[in-house]
Structure formats: C-alpha cells, structure tokens
Amino acid sequence: MGEELALIPVKPEVSAKYRSFLPSVFISAALPLRDVKRTVFERRYNNITLRLTSGVKVPFGKYGRLLLSVLTTHAVVSKNNLNNDGTVTIRFATMQGLLDELQLPKQRSGDIKEQLACFANSSFIYEERRSRVVQKKLFPEFFAADDPGDVTATKVTTGIIPFIDTFQYIELDDAAKKDKRSLAFTIVLDKKFIQLCKEHSVPIDYSVYRRITSPLGKDLYAWLVYRNNYEIGDEGLFISRPALVQQFMPVTEKSNPDQERTNFVYIKEQINIIKEKYYPGLRVSFGKNNFGFTLYKSPQIMAPKDERYILVTSELGSAGGLVPRSSRS
C-alpha cells in the first residue's frame, strides 16, 4: 500500500492500538441503531439535518458503523491511491480480506455484505443552517442605506453525497457442491464523500470502537471522544436530558409521554458501561433528578503523535498481524 498507510512506530513495551476515522456529521447525527426497513431515514441535531436515502435500505447497526469507519479511513489517507477523477478505489481479493481489515470473524461475512449493499445504494443529504444577527446595511439590495437596525441572516448549505461511486464483486456458485462464495471486491469511494471525510473527520480508537457491542454505545463513545477534542472549562459542559435524547434516541409527538425519561436512562446506562469498560478516564457526573449530565475535561483518547496507534487500513492491520484472531468478536 501507499506510504501514508505505513505503520506508525510502536514502542515494544506498549500494546498496539488501531486508529480510524468517522465523519463528524455522523457523530452529530448517526446512522440508524437498527434496521428501520425504510429507504429514507432522517436525523436532526441542532442546526444539522441528515437525511439518508437508499434504493434498498439505509445502512444501520454496529456493522454499518464499523464499515463506515473503515471506508472513512481509506478516504482520509487516500493520497497515493487517489484516481484521476477524484475517487478512491479499494480492492479486496476475498471477503475475508475485508473482514480482516474490519477485525471481524468469518461468521460476520453476511452482515458486512449486507452493509456494503446498503452503502452502495445510499446517499445522504446534508443540510446545515447557521444564523447570525447582522446589520441591515450589509444587504443594500434589500434595505435602504439609512435603514437602522439589525436582521437575522440564515445561511443554508445543502448537498447530496453518495458514499460509493461503484461497487463490484464476483460471485461463484458451484451448484454441484452447493457452495457459493464472493471474491474480487472493488469499492470505489465517491469524490464528494472523500472530500467530506478529508475536511470533517474525527480520529477514534478503532480497537475500542470495535469491541463496543451496542450501536448506541459506539455512537456515544465516538461523541465523547469528539467532545474531548474541544475546549471544556473547569466547570464542565452540561448536556440536558432533552438535548441528549434528541441527539441519540429521539422521541416524537406520538411517543409515550415517559419515553424521553426511559431513553435517557438507557443512554445513562451506556455511558456508565463506556466509563467502566472502554474509557476509564472519562469524567462525567449525572444529576440526581436525571435532568442531564455534566461532561468534564477527560484524557484525550487520540492524543497528537501518540505512537501506540497504527492505522486500521495498514497492511499489517489488514492481515490481522497485531490482533490475535481469537480476540475478535
């Protein structure tokens, strides 16, 4: 593979960890937690609207998240395998090659093939609304020069971004032996998706991200890592219960009146599991009345120039050389 995929030096006394990336938009507004069995899925968070559309069904669940992270990592480090048209081609001789990079056992081939089909048939509409109060004189074509006062100006940015430009593989069906297998996987990432990933991606610890079994747990872990990359004062950052639920497990007007509290309790359980098993340095404090929680500055998972990490797309990572197959789940 290219030079940018080479292993980062690993000190002998330190266990190797794997680094991958996720688009920040999918940390703010994540994939569906489970198969919604629909061709359209919408998630809103603050000023961001994410609408997934598919000809089959939209990507989902924990395997959709793992595949998205690996595709994003290829997009981020795509300098040497960038095609002339701005796309990136990823090739695997067999499904097992892709599973090795995902650090998953053979039994997960059906799940990953399903998610590949979802991504290949999906795109997402990203809409961002940013509002500012500005002086009217900035818009002379609409207001007179002597018109005093301010006006609220909202900038709306939208775009349709496919994940994959083309997806191709060969399927061998040996009817006599009742054996069917797939090989020669070629995934061509769309240039718009690549640009998004290069400009707006967040590094995560893939070693930990993979081990978290709950899709919601994965979303919360990535978000907590993301939040700790930003300035958090000594007083911490308070996240209200409605805001937390609306981001990760939104309720609707038709939901049970107690659904918000129920969802918050589940989110709280997942955060406590993350703190106990996957992010021991995480500093959070939940109020006694379940009105929300406060996030305090915690140790960064992906510290700059941390030599413990190698890219999940490295040749050694793809071969599974540093991760015993028995430890995969």
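The structure presented is a predicted model; accordingly, all values stated were derived computationally and were not measured.

What counts, and where the lines are drawn
- Residues numbered from 1 in each chain as written.
- Predicted model: local features only at pLDDT ≥ 70, side-chain atom pairs only at ≥ 80, totals over all residues.
- Heavy atoms only, no water.
- Helix = DSSP H or I, 4+ residues; strand = E, 2+ residues; numbered from the N terminus.
- Buried < 20%, exposed > 50% of the residue type's maximum accessible area, 1.4 Å probe, protein only.
- Contact = heavy atoms within 4.5 Å.
- Pairing = 2+ DSSP bridges.
- Axes fitted to C-alpha atoms, helices over the stretch in contact; angles between N-to-C directions.
- Arc of directions from axis to C-beta.
- 1 Å grid on protein atoms, 1.4 Å probe; cavity = no way out; pocket = protein on both sides within 12 Å on 5 of 7 lines; lining within 4 Å.
- Points joined across faces, edges and corners; volume = space filled by probe spheres on them.
- Nonpolar A, V, L, I, M, F, W, Y, C, P; charged D, E, K, R; others polar.
- Core = buried A, V, L, I, M, F, W, Y, C linked by side-chain atoms within 4.5 Å.

Caption draft 1: The environment of Asn290, seen in detail. Looking at the element boundaries, Asn290 is found in the loop between β11 (283–286) and β12 (292–296). For Asn290, a relative accessible area of 18% gives the class buried. Residues Asn290 and Lys268, 22 residues apart in the sequence, show an inter-C-alpha distance of 9.1 Å. Those residues in contact with Asn290, other than ones at most four positions away along the chain, are Arg241, Phe264, Val265 and Lys268.

Caption draft 2: Seen up close, the sheet that holds strand β8 (residues 179–189). Ordered in space as β4-β8-β7, the three strands form an open sheet in which the pairing is antiparallel. In this open sheet, the two strands that pair with only one neighbour each are β4 (88–94) and β7 (164–174). The mean angle between the axes of side-by-side strands here comes to 15°, regardless of whether they run parallel or antiparallel. Bridge analysis of β7 against β8 gives nine bridges, and the strand direction is antiparallel. For Asp174, the partnering residue across the bridge sits in β8 and is Asp179. Running at roughly 40° to β8, helix α2 (residues 61–76) makes contact with β4 and β8 of the sheet.

Caption draft 3: Geometry of helix α5 (residues 191–199). Among the residues of α5, those classed as buried are Phe193, Ile194, Leu196 and Cys197. Seen along its axis, α5 keeps its buried residues to an arc of 165°; they face one direction.

Caption draft 4: A look at the layout of surface pockets. Of the pockets and cavities examined, the largest pocket occupies roughly 560 Å³. What lines the largest pocket is a set of 24 residues, among which Ser24, Ile48, Tyr126, Glu128 and His200 lie closest to the centre. Mapped onto the lining of the largest pocket, the elements with two or more residues apiece are α1 (25–28), β5 (122–135), β6 (150–162), α5 and α7 (215–227). Tallied by class, the residues present in the lining of the largest pocket amount to nine nonpolar, 10 polar and five charged. Of the voids in this model, the second largest pocket is the one considered here, and its volume is about 420 Å³. In terms of lining residues, the second largest pocket is bounded by 17 residues, among which Arg38, Phe41, Glu42, Arg43 and Pro250 are the most central. Those elements that provide at least two residues to the lining of the second largest pocket are β2 (40–45) and α9 (259–278). By residue number, the principal contributor to the lining of the second largest pocket is β2, which donates four residues. For the lining of the second largest pocket, a count of residues per class yields seven nonpolar, five polar and five charged.

Caption draft 5: Summary view of the nonpolar core. Counting 79 residues, the largest nonpolar core has Phe124, Leu189 and Phe193 as its most contacted members. Here this core gets eight residues from one element, more than from any other, and that element is α7. Among residues more than four places away in sequence, those in contact with Phe193 are Pro23, Leu68, Leu71, Thr72, Ala75, Phe124, Ile161, Pro162 and Phe163.

So yeah, pure geometry; function would need other evidence.
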